[in-house]
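If you want the building blocks of each chain, they are given just below.
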Amino acid sequence: MRTIEWDDEKAVVKLVDQTLLPGEYKIVECTQLDELIEAIKRLAVRGAPALGAAGAFGVVLAFMMKEQDESKLKGEVEKLKKARPTAVNLSYGVNRAWQAAMRGRSIQEMSSYALEEAKRIAEEDVAVNKKIGEYGSALLEDGDVVLTHCNAGRLACVDWGTALGVIRTAIERGKRIEVIACETRPLNQGSRLTAWELVQDKIPVTLITDSMSAAVMREGKVNKVLVGADRVVKEGVFNKIGTYMHAVVAKVHGIPFYVAAPLSSFDTERSYKEVEIEERSPEELLFFGKKQIAPLDVKVYNPAFDFTPFELIEAVITEKGVIHDLKEDI
Ligand code: MRU
């Protein structure tokens, strides 16, 4: 199954519960908007492009709510947009489905226009990722070892993936590529999701802790760094916390640092200063699963994303081509 899709027969959103991977592969069905918002908040569905599709399907669920008037609907849709603030795709998906719905003259028509648009967003995501793969794979050479952070694979999208999509396409085209996956503390999207996806696809992958990236780059074990993005702004890119650290280290070692992102993640009218970085619960650092790993009264700082300026980025790979001269082209 795709990471997220609409089930016409049941009129529900179905998604792979990513909190359970790699131990358990379970599909969750959201029949109510509240359930979907909860799934987004607890990262059952996550990754910028997948959040775009989730947002759009969420609008459909909003129109299916029983008791509704215009202001309640608008309030629910705002709640959906705010479920996670950093990845711009969530509000992009919500806005597109909402605008499509506005063409309808009855709630039923609105709901079916929203659904049409949400399905279009999901289909586009797969096609866009394949295009990103085509452009990006030309940047990878046979024998490359690529370091990646977090999960920008099929689980972060509807299918195929952005950064991992580039790697998949390069391999499909006969290049031998190996991946180094950083575990991505504190929620381990790298070890739980990226490593799982790549092992499933039999793509060679080695898992390291985030703090090992400088050492492996210094040891000459990495040819390229390739990550996804949650939002591309005027001056650079927001992505999972730890991305900036890898970019600084890559610069020092002369290793090209690439970002793969669909244009739906671009918000280039905005400055990095205006973007809210999601701060997550201290529990994520105080516990590892159920095990306590820090004193409960210690002060915790837990931002989920960081900002990497264009100076550190060699190029951004999009579905329309590769942007090298980031300052001028964007
Ligand atoms: O907190 P997450 O797991 O939603 O963070 C995801 C990332 O940071 C990804 O790298 C980003 O969304 C790009 S996914 C193609």
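Residues numbered from 1 in each chain as written. Predicted model: local features only at pLDDT ≥ 70, side-chain atom pairs only at ≥ 80, totals over all residues. Heavy atoms only, no water.

*Asks:* Please provide a residue-by-residue account of the pairing of strand β4 (residues 145-148), values included.
*Replies:* Burial along β4 is two-sided: Val-145 and Leu-147 facing one way and Val-146 and Thr-148 facing the other are all buried. Sheet analysis places β4 next to strand β5 (residues 178-182), joined by 4 bridges and oriented parallel. Note on β5: the bridge partner recorded for Thr-148 is Ala-181. Chirality of the crossover, the property in question, places the unit of β4, helix α6 (residues 163-172) and β5 among those that are right-handed. Across 2 bridges, the pairing between β4 and strand β7 (residues 224-227) is parallel. Bridge pairing links Val-146 to Lys-224 in β7. (Buried < 20%, exposed > 50% of the residue type's maximum accessible area, 1.4 Å probe, protein only. Helix = DSSP H or I, 4+ residues; strand = E, 2+ residues; numbered from the N terminus. Pairing = 2+ DSSP bridges. Right-handed = clockwise from strand over helix to strand, strands pointing away.)

*Asks:* Tell me what's going on with the pattern of salt bridges, and back it up with residues and numbers.
*Replies:* One side chain can pair with another of opposite charge once the charged atoms of both are near each other. In total, this model carries 28 salt bridges according to the counting rule given. Among the salt bridges present, the one from Glu-134 reaches Lys-131, with a minimum N-O distance of 3.4 Å. With Glu-134 and Lys-131 both in helix α5 (residues 107-137), this residue pair falls 3 residues apart, about one helical turn. Residues Glu-219 and Lys-221 are paired through a salt bridge, measuring 2.5 Å at the closest nitrogen-oxygen approach. Among the charged side chains, a salt-bridge network with shared partners connects Arg-96, Glu-116, Glu-117, Arg-120 and Glu-124. (Salt bridge = Lys/Arg side-chain N within 4 Å of Asp/Glu carboxyl O.)

*Asks:* Explain the packing of aromatic side chains to me, using residue names and the numbers behind them.
*Replies:* Going through the model one piece at a time under the given rule, you end up with 5 aromatic pairs. Pairing Phe-63 with Trp-98 gives two aromatic rings, centres 5.6 Å apart and planes at 25°, and the pair type is stacked. Of the two residues, Phe-63 is situated in helix α2 (residues 48-63) and Trp-98 in helix α4 (residues 89-101); the sequence distance between them amounts to 35 residues. Of the two residues, Phe-63 and Trp-98, neither departs from the other in class, the shared state being buried. Ring geometry for Tyr-272 against Phe-307: centres 4.6 Å apart, planes inclined by 10°, an arrangement best described as stacked. Here Tyr-272 is found in the loop between β10 (257-260) and α10 (283-286), whereas its partner Phe-307 is found in strand β13 (residues 305-309), with 35 residues between them in sequence. Tyr-272 sits in the partly exposed class, given a relative accessible area of 34%. The buried category is assigned to Phe-307, whose relative accessible area is 17%. Lying over the aromatic face of Tyr-113, Arg-103 brings its terminal NZ or CZ to 4.3 Å of the ring centre. (Phe/Tyr/Trp six-rings, centres within 6.5 Å; stacked < 30°, edge-to-face > 60°. Lys NZ or Arg CZ within 6 Å of the ring centre and 35° of its normal.)

*Asks:* I'd like to hear about the site of the ligand, residue by residue, with values.
*Replies:* Every one of the 19 residues lining the ligand counts as a neighbour, but Arg-46, Arg-84, Asp-230, Asn-239 and Lys-240 are closest to it. Backbone polar atom of Ala-48 to an oxygen atom of the ligand: 2.9 Å apart, as the coordinates give it. Most atoms of the ligand, that is more than half of them, are within 2 Å of grid points of the largest cavity. Going through the elements one at a time, α2 and β9 (236-240) are the ones with two or more residues in the shell around the ligand. Class assignment for the residues of the shell around the ligand results in 9 nonpolar, 6 polar and 4 charged. Each of domain 1 (4-129) and domain 2 (139-329) accounts for three or more of the residues forming the shell around the ligand. (Near = heavy atom within 4 Å. Polar contact = N/O pair within 3.5 Å; in protein donor to acceptor, adjacent residues only side chain to side chain. 1 Å grid on protein atoms, 1.4 Å probe; cavity = no way out; pocket = protein on both sides within 12 Å on 5 of 7 lines; lining within 4 Å. Sits in = over half its atoms within 2 Å of the grid points. Nonpolar A, V, L, I, M, F, W, Y, C, P; charged D, E, K, R; others polar. Domains from an automatic or database assignment.)

*Asks:* Got a sec to walk through a nonpolar patch on the surface? Specific residues and values, please.
*Replies:* There is a patch of nonpolar side chains on the surface, built from Met-1, Tyr-25 and Ile-27 and spanning about 270 Å² of accessible area. The topology assignment puts Met-1 in the segment before β1 (4-7). Overall, the relative accessible area of 44% leaves Met-1 in the partly exposed class. (Patch = residues over 30% accessible without salt bridge, like charges linked within 9 Å, V, L, I, M, F, W, Y side chains within 5 Å. Areas by Shrake-Rupley, 256 points an atom, 1.4 Å probe, with all protein chains shown as cover.)

*Asks:* Before we move on, could you go through the domain arrangement of the protein and cite the residues and values that matter?
*Replies:* The assigned domain composition of the protein is domain 1 (4-129) and domain 2 (139-329). Each of domain 1 and domain 2 was reduced to a C-alpha centroid, and the two centroids are 25 Å apart. Interface of domain 1 and domain 2: buried area, both sides summed, is about 2,500 Å²; carbon and sulfur atoms make up 58% of it. Among the ionic pairs, Glu-278 bridges to Arg-84, the shortest N-O distance being 2.9 Å. Viewed at the interface, domain 2 and domain 1 are joined by 16 residue pairs in polar contact (both at pLDDT 80 or more). (Buried area = accessible area lost by both parts, 1.4 Å probe.)

*Asks:* Any details on the nonpolar core? Residues and values, ideally.
*Replies:* Core analysis: the biggest nonpolar cluster contains 43 residues, and Ile-4, Val-13, Leu-15, Ile-40 and Phe-57 have the highest contact counts within it. Among the secondary structure elements, those contributing two or more residues to this core are β1, β2 (12-16), β3 (27-30), α1 (33-41), α2, α3 (70-81), α4 and α5. The element that contributes the greatest number of residues to this core is α2, accounting for 12 residues. Non-local contacts of Ile-40, meaning those with residues more than four positions away in its chain, are made with Val-45, Leu-51, Ala-54, Leu-80, Ala-83, Arg-84 and Leu-90. One finds Val-145, Ile-208, Val-249 and Leu-326 within the second-largest nonpolar core, a separate group that totals 27 residues. (Core = buried A, V, L, I, M, F, W, Y, C linked by side-chain atoms within 4.5 Å. Contact = heavy atoms within 4.5 Å.)

*Asks:* Quick rundown of the layout of surface pockets? Include the residues and the values.
*Replies:* In this structure, the largest pocket occupies an estimated 370 Å³ of space. Elements supplying a minimum of two residues to the lining of the largest pocket: α10 and β11 (287-288). When the residues that make up the lining of the largest pocket are grouped by side-chain class, the tally is 5 nonpolar, 3 polar and 6 charged. When residues of the lining of the largest pocket are assigned to domains, at least three map to each of domain 1 (4-129) and domain 2 (139-329). What the second largest pocket holds in volume is close to 210 Å³. (Points joined across faces, edges and corners; volume = space filled by probe spheres on them.)

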